[in-house]
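Coordinate inspection notes
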Amino acid sequence: MNFLLRISRLLSSQTSLFIILVAVLTFFEPELFRWVRGDVQTAVLGIIMLTMGMTLTPEDFRILARRPLDIFIGACAQYTIMPLLAWALVHLLQLPPGIAAGLILVGCCPGGVSSNIMSFLCRGDVVFTVAMTTASTLLAPVATPLLVLWLSGSEIDVDAMGMFRSILIVTIIPVALGAFANLFFGRRKGYQELCGVMPGVSVIGLACIVGGVIAYNGEHFFTSGAMIFAAVFLHNALGYAAGYLVGRFTGMSVAKKRTIAIEVGMQNAGLATNLATRHFPALPEAAIASAVSCVWHSISGTLLAGLFLLCDRIAARRAARKTE
């Protein structure tokens, strides 16, 4: 078990590198991940969401009730900034339908589990990040299909009810099962050790989803790769900036501003990838855009957390000089 715990910690600390390596390897050897499709992909995503549920305690849900204003601000930012940014970039960059669908879908998804890790690394408000992720995930079955339908329904055929069922199956049910498991078995040593391993399982699952998409659609990188990367980069960067500004304008502390920036900018692109594959099969670029978001959000989140820590070190040095 100690060996598995070390592997899990290594994968969690090197998420971006591991996913990039899997993506590059799959591009040249697509047969490695051709098994990750359809129901298998849905099951893998369900396992990832189960790991999130296993971290939730009754106290986390009590926090939702005790901090309604913070959660309300966070949820509004989550489901307005990123969807509207995606819509604006689609029209500003004149993106083709496939990339447009993928970008809008990513923008309309809830916050990703990895955002909790990034908030912890940059000394953000950990309780706030868990509460935001929980709230946005619980809202996702209704908010995500409706927003996608509203923002792209006139140009792309969107099955909102089918998307609602998919999100319910791959998010709410696994999260609920994980939360109940934590409620009944959370005090047991064996369960706590299992929870320590699950972050590594989550990283492997995310890499499998990215690998599965590239295995079937990797050739599309040659025709629309640059445009996808540009759209994903701008969407993510503007999301971080807008989230931070929301925290600043609402008078949040430094820790909360960092948290809301990361929560808004980092979406559950793994969920978007699954939804794109299942509901937009005629638009392979949608799944590619979502998979690229999976990789880039992990990289950019790590970079942003490092930037915040660098700011802390610079501020500490300046304070030390003033006292000398």
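Please read all numbers here as calculations on a predicted model, not as lab measurements. Just so you know, the residues in each chain are numbered from 1, in the order the chain's sequence is written. Only residues with pLDDT of at least 70 are given local features in this predicted model, and only at 80 or more are side-chain atom pairs given and counted; all residues enter the totals for whole chains, interfaces and linings. The basis for every side-chain value is the complete set of heavy atoms in the structure, and neither hydrogens nor water enter the calculation.

On to the pattern of salt bridges, then. Here, a salt bridge means any side-chain nitrogen of Lys or Arg that lies within 4 Å of a carboxyl oxygen of Asp or Glu. Following the criterion strictly, the structure yields three salt bridges and no others. Of the charged contacts, one joins K256 and D70 as a salt bridge, the two residues approaching to 2.8 Å between their closest N and O atoms. Taken together, the positions of K256 in helix 13 (residues 254-265) and D70 in helix 5 (residues 68-78) put the pair 186 residues apart, joining distant regions of the chain. Taken individually, K256 and D70 each receive the classification buried, so the pair is uniform in this respect. Close ionic contact of R258 with D312 constitutes a salt bridge, the shortest N to O distance being 2.6 Å. Of the two residues, R258 is situated in helix 13 and D312 in helix 15 (residues 284-323); the sequence distance between them amounts to 54 residues. We count a stretch as a helix when DSSP gives it H or I for four or more residues in a row; a strand needs E for two or more, and each element gets its number in order from the N terminus. Residue exposure (1.4 Å probe, protein chains only): buried if accessible area is under 20% of the type maximum, exposed if over 50%, otherwise partly exposed.

With that settled, consider the packing of aromatic side chains. Whether two aromatic rings pair depends on their centres lying within 6.5 Å, for rings of Phe, Tyr and Trp, where Trp uses its six-membered ring; planes under 30 degrees apart make the pair stacked, over 60 edge-to-face, and the rest tilted. Under the counting rule described, the total for this entry stands at four aromatic pairs. Considering the side-chain rings of F233 and W296, the 5.8 Å spacing of their centres and the 50° angle between planes classify their relative orientation as tilted. One end of the pair, F233, is in helix 12 (residues 221-249); the other, W296, is in helix 15, and 63 residues separate them in sequence. Accessibility expressed as a relative area gives 24% for W296, which makes it partly exposed.

The next thing to look at is the environment of G270. By the secondary structure assignment, G270 is in helix 14 (residues 269-279). For G270 and V90, which are 180 residues apart along the polypeptide, the C-alpha to C-alpha distance reads 21 Å. Pairs of residues are marked as contacts when any of their non-hydrogen atoms sit within 4.5 Å. Leave out the neighbours within four places in its chain, and G270 touches L45, L206, I209 and C294.

What follows concerns the nonpolar core. With 57 residues, the main nonpolar core has L105 and F280 as its most contacted residues. Counting residues in hydrophobic clusters, the runner-up holds 13 residues, among them M82, F128, A131 and V264. Remark: nonpolar core denotes a set of buried residues (Ala, Val, Leu, Ile, Met, Phe, Trp, Tyr, Cys) joined through side-chain atoms within 4.5 Å.

Its location among the elements puts S300 in helix 15. Judged by its relative accessible area of 6%, S300 falls in the buried class. Engagement of the side chain of S300 in a polar contact is seen with the side chain of Y240, the distance being 2.9 Å. Excluding residues within four positions of it along the chain, S300 makes contact with N236 and Y240. Counted as a polar contact is a pair of N or O atoms within 3.5 Å, where, for protein atoms, one must be capable of donating a hydrogen and the other of accepting one, and residues adjacent in sequence contribute only when both atoms are in side chains.

On to the confidence of the model for the chain. The predictor reports its confidence for every residue as pLDDT, a score running from 0 up to 100. With 92% of its residues at a pLDDT of 70 or more, the chain has an overall mean of 82. When pLDDT is averaged over each element of the chain, helix 6 (residues 81-92) comes out on top at 94 and helix 8 (residues 114-121) at the bottom at 70.

Okay, helix 10 (residues 160-185) next. Compared with an ideal rise of 1.5 Å per residue, which puts 26 residues at 38 Å, helix 10 spans 36 Å between its outermost C-alpha atoms and is within 8% of the ideal. We define the bend at each residue as the angle formed by axes fitted to the 7 residues ending at it and the 7 residues starting at it. Largest kink in helix 10: about 35°, centred on L168. Of the residues making up helix 10, those classed as buried are A160, G162, M163, S166, I167, V170, T171, P174, V175, G178, A179 and N182. Working rule for helices: expected span equals 1.5 Å times residues minus one.

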